[in-house]
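Structural features, examined
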Amino acid sequence: MSLILGIESSCDETACAVVADGYKVLSSAIASQIAKHSVHGGVVPELAAREHLTALRRVLSEALAEADKTLADIDAIAVTQGPGLMPALSVGLNFAKGLAMNSGKKLIGVNHFVGHIYSAFLGEQGRGFLECKTNYPLLALVVSGGHTALMLIDRDGCMRRLGSTIDDAAGEALDKGAKLLGLGYPGGPVIQKTAEKGDKLKYDFPRPLTGGAGKPVSPENLFNFSFSGIKTALLYHVERNRNMLDDEQFVADTAASYQWAVVDVLVRKTMLAAEKFNVRSIVCAGGVACNSLLRDELAKRTPEVIGLQLAERKNCTDNAAMIGGLGWHFFRKNISSELSIDAFARLPELSRVPFLG
Ligand code: KG4
Ligand code: ZN
């Protein structure tokens, strides 16, 4: 059995996890900084870095204790290298380098975006899904605060980006929407909660790049997303109805209709891509994959012949189990990183996933 320690610090969660043989999560400790950032209405990179620095040793101890292991039991250290906020990433990466240097263990820098995709395959059931040959080609919808993308993945690990957002990510749209409605941060969970008492059909928000409102979608945007138009429509809606913002029902109906517009676009594009590329399964991961409406709609609208694998809710938002699990796939191929690796902020072009083939 090989044990990988995963370390994650790309945004506002400080996380460490111990994962056995890539799939079995022995522990997943997370210290959330939400309370620290919410007073600012969003994540402040320098504040995130400082908080990571304070929390990392404690979170590492928690992860080791929960797994009933010591650092000596660990075979390699996998750490998020990017994409993410540079000051935040650097803290986790330097911490991991220090651990690797002192212990003589291998360092494995992994991609956070690929980590999100991999999070859907953690656990025995996830492993079964990943290893089932008939699940390919597979379509991955990655929806988080930083990313919204549709990725086509073949059995041999070849990956192709079919589309991504041309402006805001889905989670970002929900976060900004919640701010406009005065609901606080992070927006996804609070919009979901507020929407529970609302009518999602009450207000009609646009569905950008879906060919609605007589605007045909250009071929290059068929699988791209755009959420800034929905957000602007919400801004106008709020401005037109300023006097209604104290009315609980108005806010609930608005949150429900807004959430529905975001989810509907995500599911429509996913189904369109699934059909066009004749995929055998759909995977959904990333923070927004926690959303109940999105999960329900994907389940409802995925044709019966297509498999559906939703990341477990606890693995959707940023965590280190996905980093440790993904790291194992490099470890088993004897691939590791130099101690001189740098963090990177932006998502590079990706043509393969390391966990297949
Ligand atoms: O994956 P994640 O933790 O961080 C990034 O890599 O970005 O995703 C965070 C995003 C935030 O935008 C948050 O509002 C959203 O995920 N989110 C949700 C829910 N829980 C978190 N969005 C919708 N519904 C939720 N229940
Ligand atoms: Zn993330």
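Here's what I pulled together on the structure shown here. (Residues numbered from 1 in each chain as written. Chains lettered and ligands numbered in written order. Predicted model: local features only at pLDDT ≥ 70, side-chain atom pairs only at ≥ 80, totals over all residues. Heavy atoms only, no water.)

**Quick look at the packing of helix α2 (residues 45-67) against helix α3 (residues 86-103)**
To be explicit about the condition: Every angle, taken between N-to-C directions, lies between 0 and 180 degrees, and every axis is a line fitted to C-alpha atoms, over only the stretch in contact when it is a helix. Helix numbering and strand numbering both begin at the N terminus, where a helix is a DSSP run of H or I of at least 4 residues and a strand a DSSP run of E of at least 2. In this scheme, roughly parallel covers angles under 35 degrees and roughly antiparallel covers those over 145, while 65 to 115 is roughly perpendicular and the rest are oblique. Here a crossing is called left-handed whenever its near helix is offset anticlockwise from the far helix by less than a right angle, and right-handed whenever the offset is clockwise. Note on contacts: a residue pair is in contact if any heavy atoms of the two residues lie within 4.5 Å.
Relative orientation of the contacting elements α2 and α3 amounts to 30°, with a least axis distance of 7 Å. What the angle tells us is that α2 and α3 run roughly parallel. Two packed elements cross with a definite hand, and for α2 against α3 that hand is right-handed. Residue-level contacts link Pro 45, Glu 46, Ala 48, Ala 49, His 52, Leu 53, Leu 56, Arg 57 and Leu 60 of α2 to Pro 87, Ala 88, Val 91, Gly 92, Phe 95 and Leu 99 of α3.

**Description of the coordination of the zinc ion (ligand 2)**
The condition is simple: A donor here means any N, O or S atom no more than 2.8 Å from the metal (3.2 Å for Na, K and Ca); water is not included, so a site may seem to lack partners. Each residue's exposure class comes from its accessible area (1.4 Å probe, protein chains only) as a fraction of the maximum for that residue type: buried when under 20%, exposed when over 50%, partly exposed otherwise.
Those protein atoms acting as donors to the zinc ion (ligand 2) are His 112 (NE2), His 116 (NE2) and Asp 318 (OD), and they sit at 2.0 to 2.1 Å. In the primary structure, the donors to the zinc ion (ligand 2) are separated according to the pattern H-x3-H-x201-D. Linking His 112 with His 116, this pair stays in helix α4 (residues 112-119), spanning 4 residues, or about one helical turn. Across the pair, His 116 and His 112 agree in class, each one buried.

**Side note on the pairing of strand β5 (residues 106-111)**
For the record, the criterion: We call a crossover right-handed when, viewed with the strands running away from us, the connection from the first strand over the helix to the second turns clockwise.
With 5 of its 6 residues buried, β5 lies for the most part within the structure. The parallel pair strand β4 (residues 76-82) and β5, bridged by α3, forms a crossover whose chirality is right-handed.

**Some thoughts on the site of ligand 1**
Applied cut-off: Whether a residue is near a molecule or strand depends on its heavy atoms: if one lies within 4 Å, it is near. In protein, a polar contact requires one atom able to donate a hydrogen and another able to accept it; more generally it is a pair of N or O atoms within 3.5 Å, and residues adjacent in sequence count only if both atoms are side-chain atoms. Working definition of accessibility: Shrake-Rupley area with a 1.4 Å probe, residue cover restricted to the visible protein chains. All amino acids are sorted into three groups, where Ala, Val, Leu, Ile, Met, Phe, Trp, Tyr, Cys and Pro are nonpolar, Asp, Glu, Lys and Arg are charged, and the leftover types, Gly among them, are polar.
Surrounding ligand 1, one finds 20 residues, the nearest of these being Gly 145, Asp 175, Gly 188, Asn 291 and Asp 318. Taking Gly 171, its main chain carries an N or O atom lying 3.2 Å from an oxygen atom of ligand 1. For ligand 1, the protein covers 89% of the area, taking 560 Å² as the surface of the free molecule. Put simply, the parts of the chain that give the shell around ligand 1 at least two residues each are α4, α6 (170-180) and α7 (187-195). Looking at which element gives the most residues to the shell around ligand 1, the answer is α7, with 4 residues. Per-class residue counts for the shell around ligand 1 are 6 nonpolar, 12 polar and 2 charged.

**Looking at the sheet that holds strand β2 (residues 13-20)**
Backbone hydrogen bonds hold the strands of a sheet together, and the pairing may be parallel or antiparallel. Which entries qualify depends on this criterion: Should DSSP find at least two bridges between two strands, the strands are regarded as paired.
Pairing is mixed in the open sheet, where 5 strands are placed in the order β3-β2-β1-β4-β5. The open sheet has two edge strands, β3 (24-32) and β5, and neither has a second partner. On average, adjacent strands in this sheet sit at an angle of 20° to one another, irrespective of strand direction. Inspection of the sheet shows β4 paired to β5 by 6 bridges, in the parallel sense. Bridged to Ala 76 within β5 is Lys 106. With respect to the sheet, α3 is in contact with β1 (3-8), β4 and β5, its orientation differing from that of β4 by roughly 155°. Relative to the sheet, α4 contacts β1, β4 and β5, its axis offset from that of β5 by approximately 85°.

Purely geometric numbers; function is a separate question.
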